[in-house]
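Residues per chain, in single letters:
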Amino acid sequence: MKIYCTRPHCGNPNNFFPDLSDETKLNTVSQKFCTTCGMPLILAGRYIPEKLLGQGGFGAAFLARDRYTPTKRLCVVKQFQPPDSFGPAELKLARELFNREAEVLERLGKKHQQIPDLYAFFPLIVGNEEFFYLVQEFVDGETLEQELATKGTFSEAEAIDFLREMLPILQFIHENNSIHRDIKPSNIIRSKEEKLYLLDFGAVKQVTTQAGIPEHKSSTGIYSQGFAPPEQMAGDPVYPCTDLYALAATCVNLLTGKDSRDLYDFYDNRWKNWRQYTQISDRFYNILEAMLKPHPTDRPQSAQEVLYLLNSPPRTPEPAKSSGSSGSSGSSGETQPPRPPRPPRPPRSSRPSFSLIELISGAGFVGFESTLILIVLTSFFAPLTSLITVGVTAMVLIATVFFRVVEKWDFVVIAVISLALVWFISPLHQSLADMDKFIVIIVPLLVAAGAIAMTTLFRLIYSLLLRLF
């Protein structure tokens, strides 16, 4: 019998024990050890790993058998394996995510058939090392990422069927005060019985409720780029509609076969023209576009609302009424069903949402322009007067960036025009006659680079603080 060693970096994890082919021996042997590294192989005395299924994130997954079940039931053993580069704070967060997945599977897996059930959760101490494992239900099938690679893109009918099956799962998760936060094709598997299962609950966010009003905490920064919405990537609060956005992004990936990151403009926080890569109706396109709105308050707020939009009959325009029938309650047109009541929406943030590219380009622009203005002013005025004037000017520049008065290529155009004015136009040209004119280029560029570096550093510190608190 083959047993796979679960110790990370084991030189030869494949072990063979011919004596375990005897079922009596298999059921009664106390333990077996890796012939290469000495790691105990039978986990918790009952789970026998057979092969590595995958590795990534904070752990590895193994296909295993439970020797204490009549059929030697297949199961998935996940081992907590954080990278060696993790510091104490990152290690703590990763461990919390691993524990969270076990808790959620135990709580939700028993209640919903399309969420894997938890079988066991335990540590294993070997010498000075400590390993952590969870064992969950094995779903025999292919992830939608694998299905897309082997079978090709989905049709509109297949995509609608996909949504109709996934939305009730999300509705169940949200009604149980949780948000998945990592919906993508590789986390959805279709079993051989043609049933979809939602996997990987390590990023699940709990939502506490007081007096029936959900309290949404900030995101910890765990997400998959190309599927996560802007609020999640920015570390802002997440909502049930955060999952709906990721579900729509998954649907776009399945319809187009394109990497979602290639269809998204990270500078403007909006989707490009992805419809050109697929053939779908206007009605279905509009539903997906509504789910992909950049601001959470502009999206459908619940899975039930999206199901209603999918299942409601297409709108039929009413024929024009004659003047004689004006004011009558009857109509020959089709009566439209009322939209379901929308749940309370989260408050819209009063501040604009900026991508990382916008932040660093804005910081570089303010640093470059402020330094250029300071160089010019010191040629005409006293240093103190120049510094005060530049301080006020910098605040004005920051305001123009914050409220998007200037953005994108405006930064480059304004910077080039400003440099040209200082370099070529008299009397500015004459005032710089006694100094190295290349300072006019070099110093603003250095300050701009410093502003970008400081902005990136503060952004990193902010993200780390969100993870900790």
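Residues numbered from 1 in each chain as written. Predicted model: local features only at pLDDT ≥ 70, side-chain atom pairs only at ≥ 80, totals over all residues. Heavy atoms only, no water.

1. What to know about the overall build of the protein
Check the secondary structure of the protein and you find 13 helices and 16 strands. Within the protein, the fraction of its 469 residues that count as buried is 43%. Of the roughly 24,400 Å² of accessible surface on the protein, 59% is carried by carbon and sulfur atoms. (Helix = DSSP H or I, 4+ residues; strand = E, 2+ residues; numbered from the N terminus. Buried < 20%, exposed > 50% of the residue type's maximum accessible area, 1.4 Å probe, protein only. Areas by Shrake-Rupley, 256 points an atom, 1.4 Å probe, with all protein chains shown as cover.)

2. Observations concerning the pairing of strand β10 (residues 188–191)
Here β10 shows a buried face lined by Ile188 and Arg190 and a second buried face lined by Ile189 and Ser191. For strand β8 (residues 141–143) and β10, the ladder comprises three bridges, and the chain directions are antiparallel. Across the sheet, Thr143 pairs through a bridge with Ile189, a residue of β10. With three bridges joining them, β10 and strand β11 (residues 196–198) adopt antiparallel strand pairing. What sits directly across from Ile188, in β11, is Leu198. (Pairing = 2+ DSSP bridges.)

3. Observations concerning the environment of Leu118
Structurally, Leu118 can be placed in strand β6 (residues 118–126). Residues Leu118 and Glu103, spaced 15 residues apart in sequence, show a C-alpha to C-alpha distance of 8.6 Å. Not counting residues up to four positions away in its chain, the partners in contact with Leu118 are Ala102, Leu105, Glu106, Leu134, Val135 and Gln136. (Contact = heavy atoms within 4.5 Å.)

4. Quick look at unusual backbone geometry
The phi dihedral of His9 falls on the positive side, at around 65 degrees, and the residue is not glycine. Looking at where His9 falls in the secondary structure, it is placed in the loop between β1 (2–4) and β2 (14–16). A residue is classified by how much of its surface remains accessible, and His9, at 75% relative accessible area, is exposed.

5. Points about the confidence of the model for the protein
With 76% of its residues at a pLDDT of at least 70, the protein reaches an overall mean of 78. For residues 320–338, every residue scores under 50 in pLDDT, and the model assigns this stretch 16 contacts once sequence neighbours within four places are set aside. Here residues 343–352 is a poorly scored stretch, pLDDT under 50, and it has 17 contacts once near neighbours within four places are set aside; other chains count. (pLDDT = per-residue confidence, 0-100.)

6. Points about the side chain of Thr371
The residue Thr371 is located in helix α9 (residues 356–378) in this model. From its side chain, Thr371 meets the backbone oxygen of Gly367 in a polar contact 2.7 Å long. (Polar contact = N/O pair within 3.5 Å; in protein donor to acceptor, adjacent residues only side chain to side chain.)

7. A look at the pattern of salt bridges
Counting across every chain of the model gives nine salt bridges. The residue Lys192 makes a salt bridge to Asp140 at a minimum N-O spacing of 3.2 Å. With a gap of 52 residues between them, Lys192 in the loop between β10 and β11 and Asp140 in the loop between β7 (129–137) and β8 connect regions that are remote in the sequence. On the basis of relative accessibility, which here comes to 61%, the residue Lys192 falls in the exposed class. Judged by its relative accessible area of 37%, Asp140 is partly exposed. A salt bridge links Arg190 to Glu147; the shortest N-O distance between them is 2.9 Å. Taken together, the residues span a long stretch of sequence, with Arg190 in strand β10 and Glu147 in helix α3 (residues 144–151) at a distance of 43 residues. Neither Arg190 nor Glu147 differs from the other in exposure class; each is buried. (Salt bridge = Lys/Arg side-chain N within 4 Å of Asp/Glu carboxyl O.)

8. Description of empty space enclosed by the protein
Overall, the coordinates contain three cavities of 30 Å³ or more when judged by the stated rule. By volume, the second largest cavity amounts to about 50 Å³. If you trace the second largest cavity, you find it lined by Arg181, Asp182, Ile183, Ser224, Phe227, Ala228, Pro229, Gln232, Thr242, Asp243 and Ala246. Here the lining of the second largest cavity takes three residues from helix α6 (residues 240–256), the largest share from any one element. (1 Å grid on protein atoms, 1.4 Å probe; cavity = no way out; pocket = protein on both sides within 12 Å on 5 of 7 lines; lining within 4 Å. Points joined across faces, edges and corners; volume = space filled by probe spheres on them.)

9. Notes on the packing of aromatic side chains
This model, assessed by the stated rule, comprises six aromatic pairs. On the basis of an interplanar angle of 5 degrees and a centroid distance of 6.3 Å, the ring pair of Tyr47 and Phe122 is categorised as stacked. Here Tyr47, found in strand β3 (residues 47–56), pairs with Phe122, found in strand β6; they are 75 residues apart in sequence, far enough to count as distant. Phe122 carries the same exposure label as Tyr47, and that label is buried. (Phe/Tyr/Trp six-rings, centres within 6.5 Å; stacked < 30°, edge-to-face > 60°.)

10. Things to note about helix α2 (residues 88–108)
Given a rise of 1.5 Å per residue, 21 residues ought to cover 30 Å, and the 30 Å separating the end C-alpha atoms of α2 matches this to within 8%. Every buried residue belonging to α2 is among Leu93, Ala94, Leu97, Phe98, Arg100, Glu101, Ala102, Val104, Leu105 and Leu108, and all of these are buried. (Expected span 1.5 Å × (residues − 1).)

11. A look at the nonpolar core
With 59 residues, the main nonpolar core has Phe162 and Phe284 as its most contacted residues. Contributing elements (two or more residues each) for this core: α2, β7, α3, α4 (156–175), β11, α6, α7 (282–291) and α8 (303–311). In terms of residues, this core owes the most to one element, α6, which gives 11 residues. Excluding residues that lie within four positions of it along the chain, Phe162 makes contacts with Leu144, Ile188, Leu196, Leu247, Thr250, Cys251 and Leu254. The next biggest cluster of nonpolar side chains, apart from the first, holds 27 residues, and it includes Leu26, Ile48, Cys75 and Tyr133. (Core = buried A, V, L, I, M, F, W, Y, C linked by side-chain atoms within 4.5 Å.)

12. Comments concerning the sheet that holds β10
In spatial order, the strands read β8-β10-β11; together these three strands make up an open sheet with antiparallel pairing. Two strands bound the open sheet, and with one partner strand each, they are β8 and β11. Geometrically, the sheet is characterised by an average inter-axis angle of 30 degrees between neighbouring strands, direction not taken into account. Sitting on the sheet, α3 is in contact with β8, β10 and β11, with an inclination near 90 degrees to β8. (Axes fitted to C-alpha atoms, helices over the stretch in contact; angles between N-to-C directions.)

13. Description of the packing of α4 against α8
Taken N-terminus to C-terminus, the directions of α4 and α8 make an angle of 155 degrees; their axes are 9 Å apart at the nearest point. Relative to α8, the element α4 lies roughly antiparallel. The two elements α4 and α8 meet at a crossing, and its hand is left-handed. Along its contact with α4, which presents Ile160, Leu163, Arg164, Leu167, Pro168, Leu170 and Gln171, the element α8 presents Ala303, Gln304, Val306, Leu307, Leu310 and Asn311. Of the residues assigned to the contact of α4 with α8, the class counts are nine nonpolar, three polar and one charged. (Parallel < 35°, antiparallel > 145°, perpendicular 65-115°, else oblique. Left-handed = near helix turned anticlockwise from the far one by under 90°. Nonpolar A, V, L, I, M, F, W, Y, C, P; charged D, E, K, R; others polar.)

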